[in-house]
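Given next are the chains, with one letter for each unit.
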Amino acid sequence: RLFSSEKLTQRDHSLPNPSWSKDLRLLFDQFMKKCEDSSWKRLPSYKCESSQRVQDFKTHFLDPKFMNEQTVHGQLFTRSFEDGLGFEYAMFCNDAEKRIVCLFQGGPYLQGVPGFLHGGAIATIIDATTGMTALLAGGIVMTANLNINFKRPIPLCSTVVLNSQLDKVEGRKFFVSCNIHSVDGKTLYSETTGLFIKLDPDKRLK
Ligand SMILES: CCCCCCCC/C=C\CCCCCCCC(=O)SCCNC(=O)CCNC(=O)[C@H](O)C(C)(C)COP(=O)(O)OP(=O)(O)OC[C@H]1O[C@@H](n2cnc3c(N)ncnc32)[C@H](O)[C@@H]1OP(=O)(O)O
């Protein structure tokens, strides 16, 4: 593992790996088909993002005091588990419709009540999906509010579908809603509304 390719090149974690369930693979293939006419796009995902947007974020909003020998090891929370143990997911966006679909399989280390996902883990994948929906529309945003109704418990290691939608923009405020359904569409697990604020270029984070 010391010489694993992950150390040399960044792996795109939103591609199938052996831990993915049949459900997750089937849905992934369906969405890859939707990508063929480019109305939908798969969003790649890395442990350490080094895109232009991240560079801009660091330059404009991050005070250098937050960078030290510990924070230099920072990596994306949702990609910090071994394959299959934590968050396995792939996001697809439809720019015209301002929506994102996230196919999500929550692994055994995300347990809360035995046999079911932890509410914080559910909130995390909702935050990541709604945050990305706002980010695609508004650039550098942060979550100001998430209001989640947990309606049914999500079985551990099952595959579910998040549907996230940009509802409204008011100045720097981006309003996003999101629901989570079972793969067969019959069970509604949660409903969420979120507020994301585009960072003010005149203010650094402190
Ligand atoms: C993240 C992007 C970075 C770029 C990198 C991209 C690639 C990376 C790859 C993959 C990333 C995926 C990662 C997913 C992560 C998901 C995102 C998170 O979890 S973020 C962490 C949790 N959130 C916080 O820690 C925020 C803490 N809060 C703040 O820092 C401030 O409150 C902030 C920035 C949100 C707003 O502060 P102000 O000073 O800029 O703005 P003010 O003037 O306070 O508010 C503006 C307007 O919004 C309203 N507002 C603000 N907060 C509100 C609230 N909670 N409820 C209702 N209204 C609110 C205010 O009333 C005001 O409205 P009026 O203009 O007067 O009409």
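Let us look at the structure shown here. Numbering of residues begins from 1 in every chain and follows the order in which that chain's sequence is written. Where totals are concerned, whole chains, interfaces and linings use all residues; where local detail is concerned, this predicted model gives features only for residues with pLDDT of at least 70, and gives and counts side-chain atom pairs only at 80 or more. Hydrogens and water are ignored here; the side-chain numbers use all heavy atoms of the structure.

On to the packing of aromatic side chains. Planes of paired rings set the category: under 30 degrees apart is stacked, over 60 is edge-to-face and the rest tilted, where pairs are Phe, Tyr or Trp rings (Trp by its six-membered ring) whose centres lie within 6.5 Å. In total, this model carries eight aromatic pairs according to the counting rule given. For the pair Phe77 and Phe87, a centre-to-centre distance of 5.8 Å together with 65° between the ring planes defines the contact as edge-to-face. Of the two residues, Phe77 is situated in the loop between helix H3 (52-61) and strand E2 (87-94) and Phe87 in strand E2; the sequence distance between them amounts to 10 residues. Classification of Phe87 as buried rests on a relative accessible area of 4%. The rings of Trp20, Phe28, Phe31, Trp40 and Phe92 are connected pair by pair, giving a single aromatic cluster. Note on criteria: charge over ring means Lys NZ or Arg CZ within 6 Å of the ring centre, with the direction from the centre no more than 35 degrees off the ring normal. Positioned over the ring face of Tyr89 is Arg79, at 3.5 Å from the centre of the ring. Helix and strand assignments come from DSSP, with helices taken as H or I runs of at least 4 residues and strands as E runs of at least 2, each series counted from the N terminus. Three labels apply to residues, based on accessible area from a 1.4 Å probe with only protein chains included: buried if under 20% of the type maximum, exposed if over 50%, partly exposed otherwise in between.

Topologically, Ser80 is positioned in the loop between H3 and E2. For Ser80, a relative accessible area of 34% gives the class partly exposed. Linking Ser80 and Asp56, residues 24 residues apart in sequence, is a C-alpha distance of 23 Å. A 3.5 Å cut-off defines polar contacts: any pair of N or O atoms within that distance qualifies, except that in protein one atom must be a possible hydrogen donor and the other a possible acceptor, and neighbouring residues in sequence count only when both atoms are side-chain atoms. Within the local environment of Ser80, its side chain forms a polar contact with the side chain of Gln75, the two groups lying 3.0 Å apart. At 2.8 Å, the side chain of Ser80 forms a polar contact with the backbone oxygen of Leu76.

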